[in-house]
Amino acid sequence: MTAPGEPTPCDRARGVALLTATASVIRKDLLLEWRGRARINATLFFAIMTLLLFSFAVGPETKSLAQNAAGYLWLAILLSSVLSLGESFRIENENGALEGLRLIPVDARAIFLGKAIANLVLLTGLGVLLIPIAVALYGAEISAGFPRAVLVLVLGCAAISAPGTLYAAIANQARARDVLLPLLLFPILVPALVGAVKATQLVFQGDPMGQLDSWTTLLVIFNLMYWLLCLVLFGRVVEE
Amino acid sequence: MNGTIVGGWEYIWAAYLVTWGSLALYALSLVWRARKAKSGEPQPGSKP
Amino acid sequence: MQKALDVGLPIVAIVFLVVGGVLGLTVAPADKDMGDVYRIMYVHVPAAWAALLAVTVTFVASLVYLLKNNWHADALGEASAEVGVFFGALLIVLGSIWARPTWGVWWDWDPRLTTAAILLFAFAGYLALRRFVDDPERRATWAAVAAIVAYVDVPILWFSVRWWRTLHQIQNTGESTHSVMTKSLLWNALAFALLYVWFVRLRYRVALARQAEELAEPPETEPAHTPAP
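Source: prediction; values computed, not measured.

1. A word on the overall build of chain C
The helix and strand tally for chain C stands at six helices and zero strands. Along chain C, helices (α) and strands (β) appear in the sequence α-α-α-α-α-α when read from the amino end. The buried share of chain C, reckoned over its 229 residues, is 50%. Once local pairs closer than 6 in sequence are excluded, the contacts in chain C between residues at least 24 apart make up 79%.

Listed below in structure tokens is the structure:
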């Protein structure tokens, strides 16, 4: 991380410390998820089942299914994200591990970045597995090229992860956490959902009007806004 | 949107009645809650 | 002074509402495109302003709470959020009643109305969060965080809905200003503003009383009133 201007050695050391701490939180979270991979598998099956349910609910008309494939795909990711986001703090709370992390002390920003990036990795992984299934199930096809599809997927998942991590930290220590997380998270995700679905639709159906870039920009702006804001606010959320 | 929309007074009345009615109901509920809060206030305050 | 405001505010507000209603329903002329239906604007637009004012006050109060740990700011944020959700719900219902005769549908994905509806849900989430957290200090901090996160969403939400719905004609809210039209809108807007202040004062008292009650309770958790340096 090279800051603009002249970074003093102290700044640099602090930046390096933040990065190392972030990396270890990411590693810890992903390792935990990997050890409990039965849960990841279950979430994956939940997501696929959601995709299937959309086909049953909307009917077997292949044309409308193909048209709405992007929407169903993102709804499946969004619904599964609530499960995986909640899980990432449940373990911490059950044995007071979050307080332990704060006492070591790990910088709250490192905890946020680590957890949000771990969630981003998990969600992107889920999306990578879901896209081919959606393509097969709904008869969609990736016409805008593979890199673009991956870019949109990562941006969309990042948009869910940043506010999702912040709100999961809150909801997991409140009562009624299962309903609280989606209640808080879904409304503010509407711009990201709109952007991700529209962009994915253009990736699937081709982009004759050249609108893909504006939707991608919308996602980038949403991400910039919320990663920064949540990074700033997270310290207050986990403080004792 | 061609031409003027004619009539629709039932919608106008519905809108105004909904507005006035809900304002009145919410005001009543707030007055009631504020009064209840006020009467409950001295008890905890008087404790040492 | 307090007593005078408590009694005076609602009376003046009702007078303004009556004047605004008479002007809007009888004196103001029919719009040349919208006919009489546009008269819903005189309550719809003030409701929108009141709701926007309310969430803005909550946002500012949340910032103040996070920066200064000021408990009055927490109570004000709570009060204004609830009043905002009330005005927001009213706004959505009125918008729906207006959309029906105008466009023939109960719901039209107009960017402003849609943004308001999403924001309404975000702040309903805020109120739910307050309900589900027992520790006063955590509740105040988390609610402030949620309010800021939700409020910051407004501009990007509005843009995204507008892009999403580019085909839709931008709604004209009575730009053809007849002086009586402006006056009726103004009377109603003042009435709503006064009502907003009155509502928030009442609700603020409820919030303060609850805070006092929580702080006076035997300390099962650590005392929550220690302001951070």
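Continuing now.
2. As for the overall build of chain A
Check the secondary structure of chain A and you find eight helices and zero strands. Over its C-alpha trace chain A gives a radius of gyration of 19 Å, about what one expects of a compact globule, namely 18 Å for 240 residues. Dimensions of chain A along its principal axes, counting C-alpha atoms only, are 60 × 45 × 30 Å. When the 240 residues of chain A are sorted by exposure, 43% land in the buried category. Taking contacts inside chain A between residues at least 6 apart in sequence as the whole, the part at least 24 apart equals 84%.

3. Some details on the environment of tryptophan 164 of chain C
Its place among the elements puts tryptophan 164 of chain C in helix α5 (residues 136-164). Residue tryptophan 164 of chain C is classed as buried on the basis of its C-beta count, with 20 C-beta atoms lying within 10 Å. Here the alpha-carbon distance between tryptophan 164 of chain C and valine 206 of chain C, two residues 42 residues apart in the chain, equals 41 Å. In contact with tryptophan 164 of chain C, not counting residues within four places along its chain, are Val194 and Lys198 of chain A.

4. Digging into α5 of chain C
In a regular helix each residue adds 1.5 Å, so 29 residues correspond to 42 Å; α5 of chain C covers 40 Å between its end C-alpha atoms and thus fits that length. The element α5 of chain C is extensively covered by neighbouring structure, given that 21 of its 29 residues are classed as buried.

5. Notes on the interface of chain C and chain B
At the junction of the two partners, chain C supplies 30 residues and chain B supplies 28 residues. Broken down by secondary-structure element, the contributors of at least two residues to the side of chain C that touches chain B are α1 (2-27), α3 (71-103) and α6 (179-216) of chain C. With 10 residues, α6 of chain C is the largest single contributor of residues to the side of chain C that touches chain B. Looking at side-chain class alone, the side of chain C that touches chain B contains 19 nonpolar, three polar and eight charged residues.

6. A few points about the interface of chain A and chain C
Contact residues are listed per partner, giving 24 residues for chain A and 22 residues for chain C. Secondary-structure elements contributing two or more residues to the side of chain A that touches chain C are α6 (146-171), α7 (177-205) and α8 (212-238) of chain A. Top element by residues in the side of chain A that touches chain C is α7 of chain A. It accounts for 10 residues. Looking at side-chain class alone, the side of chain A that touches chain C contains 20 nonpolar, one polar and three charged residues.

7. Points about the packing of helix α2 (residues 37-58) of chain A against helix α5 (residues 108-138) of chain A
Residues and elements named next belong to chain A. At a minimum axis distance of 11 Å, the contact between α2 and α5 shows a crossing angle of 25°. Regarding the angle of α2 to α5, the classification is roughly parallel. Remark: the crossing between α2 and α5 carries right-handed chirality. Across the interface between the two elements, Leu44, Ala47, Ile48, Leu51 and Ser55 from α2 touch Leu126, Leu129, Leu130, Ile133, Ala134 and Leu137 from α5. Across the contact of α2 with α5, the residue classes break down as 10 nonpolar, one polar and no charged.

8. Structural notes on the environment of phenylalanine 199 of chain C
Locating phenylalanine 199 of chain C in the fold gives a position in helix α6. You can call phenylalanine 199 of chain C buried: it has 27 C-beta atoms within 10 Å. In this structure, the C-alpha to C-alpha distance between phenylalanine 199 of chain C and histidine 44 of chain C, residues 155 residues apart in sequence, is 18 Å. Setting aside its immediate chain neighbours within four residues, phenylalanine 199 of chain C contacts Tyr26 and Leu30 of chain B together with Val83 of chain C.

9. Side note on the confidence of the model for chain C
Residue and element names in this part refer to chain C. Considering every residue of chain C, the mean pLDDT works out to 86; 89% of them sit at 70 or more. Mean pLDDT in chain C bottoms out at α1, which sits at 88, and peaks at helix α2 (residues 41-68), which reaches 95. Predicted as a complex, the structure gets a pTM of 0.87 and an ipTM equal to 0.87.

10. Looking at unusual backbone geometry
Backbone geometry places alanine 176 of chain A, a non-glycine residue, at a positive phi of 55°. Within the secondary structure, alanine 176 of chain A sits in the loop between α6 and α7. Of note, the phi angle at asparagine 69 of chain C is positive, near 50°, even though the residue is not glycine. If you trace the backbone, asparagine 69 of chain C turns up in the loop between α2 and α3.

11. Some words on the arrangement of the chains
The protein chains that touch form two pairs of chains, and the pair with the most contacts between them is chains B and C. Taking C-alpha atoms as the reference, chain A and chain B come no closer than 24 Å and do not contact one another.

12. Some details on the packing of α3 of chain C against α5 of chain C
Residues and elements named next belong to chain C. The geometry of α3 relative to α5 is characterised by a closest axis approach of 10 Å and an angle of 50° between their N-to-C directions. Viewed along their axes, α3 and α5 adopt a mutual orientation that is oblique. α3 and α5 meet at a crossing whose hand is left-handed. On α5, the residues that touch Asp74, Gly77 and Ala81 of α3 are Ala140, Ala143, Ala144 and Ala147. When the residues that make up the contact of α3 with α5 are grouped by side-chain class, the tally is five nonpolar, one polar and one charged.

How each quantity is defined
- Residues numbered from 1 in each chain as written.
- Chains lettered and ligands numbered in written order.
- Predicted model: local features only at pLDDT ≥ 70, side-chain atom pairs only at ≥ 80, totals over all residues.
- Helix = DSSP H or I, 4+ residues; strand = E, 2+ residues; numbered from the N terminus.
- Buried ≥ 20, exposed ≤ 12 C-beta atoms within 10 Å, placed from the backbone.
- Contact = placed C-beta atoms within 7 Å.
- Rg over C-alpha atoms; globule rule 2.2 N^0.38 Å.
- Expected span 1.5 Å × (residues − 1).
- Nonpolar A, V, L, I, M, F, W, Y, C, P; charged D, E, K, R; others polar.
- Axes fitted to C-alpha atoms, helices over the stretch in contact; angles between N-to-C directions.
- Parallel < 35°, antiparallel > 145°, perpendicular 65-115°, else oblique.
- Left-handed = near helix turned anticlockwise from the far one by under 90°.
- pLDDT = per-residue confidence, 0-100.

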